[in-house]
Amino acid sequence: MSKRLCLWAIGVAAVLIAQGARANERVVTATQPVGIDTPAATVKDWLSQTPLLTQITGVKVNPTATSVEVVLETTAGNIAAPASTTQGRILYFDIPNAALSLGKDREFRVENPVTGIANILVTQASPTYVRVQITGTEGVPTAVVVANERSLVITPVSAAAPVAETPAATDDIEITVTGRRKQPGYQVPNATTATKTDTPLRDVPGSIQVIPKQVITDRGVTRISEALQTVSGVVAQRDFGDDTDTRFNIRGFGTESASLRNGFRVGASEIAPNNIERIEVLKGPASVLHGQFEPGGVVNFVTKQPLDKPSYSATLTAGQFSFYEPSVDISGPLTADKKLLYRLTGSYQNSGSFRDFVKREQFSIAPTLSYQFSEATKLIVGYEFLSSGQTFDDGLPIDPVIFRLPISRFLGEPNDSFRSTTNNLNATLEHKFSENISLRTAVGASFRRSQGKTFRLLDFDPISNQFSRFYSLDNSPSIQDSLSWQTDLTAKFDTGSVNHQLLVGVELARSQAKFDFSDAFSGLGIDVNNPTYGTPIPTFTNIADSNSITNTVGVSVQDQITLLPNLKFLIGGRYDFSNTENNLSEGSPSDVPTVSGGKFNNQAFSPRVGLVYQPIEPVSLYTSFSSSFVPNNATTSAGASIDPTRGTQFEAGVKADLGNKFTATLAAYQINKTNILTTDLENPNFSIPVGEAQSRGLELDIGGEIRPGWNIIASAFLNNTVITKDNNLPVGNTLINAPKNGASLWTSYEIQEGDLKGVGFGTGLFYIGDREAELPNDFVLPSYLRADASIFYKRDKWRIGLNFKNLFGTRYFESSQNSALIYPGNPFTVQGTVSVEF
């Protein structure tokens, strides 16, 4: 039944795509004024399908009573309406399908044209668009844009002056630009994770999905891993007492507790949703720019940045299981010239659980400062402190008995606990040497301390229904530190008619993982049907101390090449030098401990190459090859070092812009992972690198605004991730936590006018197929379909909402942990939110 519902959900998504495309076509047609061409309507060369660019043959600056007019003229055709963005004190207008034809001059510049405006610059920013750059002296300017027949008039106004009233001619279009970025809604056109440059997604030869803040808000996300449910091929993986939000399975492969935060690697940690602006998910190997990652992909959590206008908000969320979370988010300028900006987010979360005895609390505070030294130089410094404490929860046994147990059953001890603190720091300096050469140098650091004392589950006996347990105690806080320095130089240049954007980068990184614990087997098991709590702590029989330090140097080169306006080529590679030193000491409290470990040196080259062809402007066809690596840090029985595990991916797909605010991506891929460690049958204490696995799949992701007020984000995927070679495990077995299919649909609608203006509704369906829980494949977690819903009301600066999660109380299991334990999903839950801006 659930699979039929899943197919129905995918069908609904397909219908919505078609309706969205038609709706957007109607919007463009209805609002397009006489005499203004849209990019889609531009005449194209029949051979290359290259747009015949509108030639801007003249640029004039005419004084007015209060400002100046920047007039862009063309002798044939009409200039398309521009898109606007801001950065620091600069207001940008990008005019699509346009070429600057000013004779010998390659740009137009005027300095200090009016009080409050430092300069105005008009350049050919790329082969297919012209950029108008207006820089303010006291902050980001505003502007009024009027498109006439064969001309475009931009009237800038300084940040300290009111917007001038500019009359528009009959049948002309007038655009008032406030100089402040509009909220992206459900569709974000650009991302940085795939290329380290601000690149349109349609120009990236690979699948990258972005979850903006608006989706996180509308869905009522309280743990950031929930937000990834709307991305195809991504499944959250709960593990080790459910203490982290950064473990995922992507395209069938686990992320091994590693993600990115603002482009810097972080290990297992918690993430405060209140400080996240968006989440970027890069599918496939990420080693070409980010180093050691599994081949399935990587998740990059992008934090909130300072705003150039005052913004203050407070939110209170409360719900079932004693959940409550107050949070604040304030930002604005600290100086009159708006060179120094700040942002401060903070939250406190406290909750019980549907699981017996389980509770959780989290506190976070994150200040960020940015300073604009000049038009060319900017510094951003951000810090985040996060502290959390919870009941350590190991889940339920992998056995059919779980289907008879209540999902609330807790098999640890009520006093089991786990606490952690994390300090994150980022500092980024950006400098433009010219319009075509820029430098970014940044430092990222993460310091995590954690300590637990808990009874952990060991083996389940289906005859007696007893779970054996052992007690584990961290003698001192475990350490998980990472420090990285990244420097990237970007240069834009032409070789003949070919445009290049070259990036050369260097990364120096150091990470440390250290733990010191004692454990002991408990002779008293726990009955899963009738648990009795109060087991005394046993005498410790084993101690262990481990310290691992890794130093990495990575050098990367990437070139984004525009061969033709509709043909783009990406090529790049990274060479990594990594050395790791492991030290392990273990034994009993009364014995001299045994010391082991080793030093490992690894080198790897990770290439990537891709091609994007746009037969018509809204459609991109792409294909790519990329690779990844992860060090094995092991030796054979003969003492020889084992080379890293490698991943290679072939991917092809199509991306489509269905109107200005709606996109879709369809991708097909194959990933081969080789050099996987397997047991040496001749010497079981050692491993040999003969294991291989393969992932094949098809993914669909859509998102954006179908029509004013109606947003959607949806996905569907098919995946088959199996063992293709192993010494011990059966060939053909599916890897754990790798569903063969899945789909999601979340859509919301807000009434735009009338007495009910501001009232909104949301609904969602989330389907995950069968998953193998262990290797060899002996136990299956059944598929499930979960439904969510929301209702909200926006009025002036207030927003009130109710979110209903697992609306019909579906019983399901989220994931397995290391082939030993599984975690049940949340039952029906209601939470309410009140937020205000002031």
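Residues numbered from 1 in each chain as written. Predicted model: local features only at pLDDT ≥ 70, side-chain atom pairs only at ≥ 80, totals over all residues. Heavy atoms only, no water.

1. Some thoughts on the packing of aromatic side chains
Consideration 1: Taken as a whole and assessed by the stated rule, the structure comprises 18 aromatic pairs.
Consideration 2: Both rings, one in Phe357 and one in Tyr533, keep their centres 4.9 Å apart while their planes meet at 75 degrees; by these two values the pair is edge-to-face. Here Phe357, found in the loop between strand 25 (340-351) and strand 26 (360-372), pairs with Tyr533, found in the loop between strand 32 (498-527) and strand 33 (542-564); they are 176 residues apart in sequence, far enough to count as distant.
Consideration 3: A residue is classified by how much of its surface remains accessible, and Phe357, at 41% relative accessible area, is partly exposed.
Consideration 4: Relative to Phe813, the ring of Phe403 lies with its centre 5.9 Å away and its plane at 80 degrees, an arrangement referred to as edge-to-face. With Phe403 in the loop between strand 28 (396-397) and strand 29 (417-432) and Phe813 in strand 47 (residues 813-817), the pair connects residues that are 410 residues apart, well separated along the chain.
Consideration 5: For Phe403, a relative accessible area of 39% corresponds to the partly exposed category.
Consideration 6: Its relative accessible area of 3% is what places Phe813 among the buried residues.
Consideration 7: Here the aromatic residues Phe357, Phe410 and Tyr533 are joined through ring pairs into a cluster of three or more. (Phe/Tyr/Trp six-rings, centres within 6.5 Å; stacked < 30°, edge-to-face > 60°. Helix = DSSP H or I, 4+ residues; strand = E, 2+ residues; numbered from the N terminus. Buried < 20%, exposed > 50% of the residue type's maximum accessible area, 1.4 Å probe, protein only.)

2. Some details on the sheet that holds strand 48 (residues 821-824)
Consideration 1: Pairing within the open sheet is antiparallel, and its three strands lie in the order 28-48-47. Edge positions in the open sheet fall to strand 28 and strand 47, since each of these has one partner strand only.
Consideration 2: In terms of strand pairing, strand 47 meets strand 48 through four bridges, oriented antiparallel. Residue Ser815 lies in a different strand from strand 48, and its bridge partner there is Tyr823. (Pairing = 2+ DSSP bridges.)

3. Looking at the confidence of the model for the protein
For any part of a model where pLDDT is low, the fine detail of the predicted coordinates should not be relied upon.
Consideration 1: Of all residues in the protein, 89% have pLDDT values of 70 or greater, and the mean over the chain is 87.
Consideration 2: Contacts from residues 163-183, a stretch scored under 50 in pLDDT, to residues over four places away or in other chains number 57 contacts. (pLDDT = per-residue confidence, 0-100. Contact = heavy atoms within 4.5 Å.)

4. Describing the environment of Phe248
Consideration 1: The topology assignment puts Phe248 in strand 17 (residues 248-250).
Consideration 2: Between the alpha carbons of Phe248 and Val234 there is a distance of 6.7 Å; along the sequence they are 14 residues apart.
Consideration 3: Among all residues touching Phe248, those that are not within four sequence positions of it are Ser225, Leu228, Val234, Val235, Ala236, Gln237, Phe253, Gly254, Thr255, Ser259, Val299 and Phe301.

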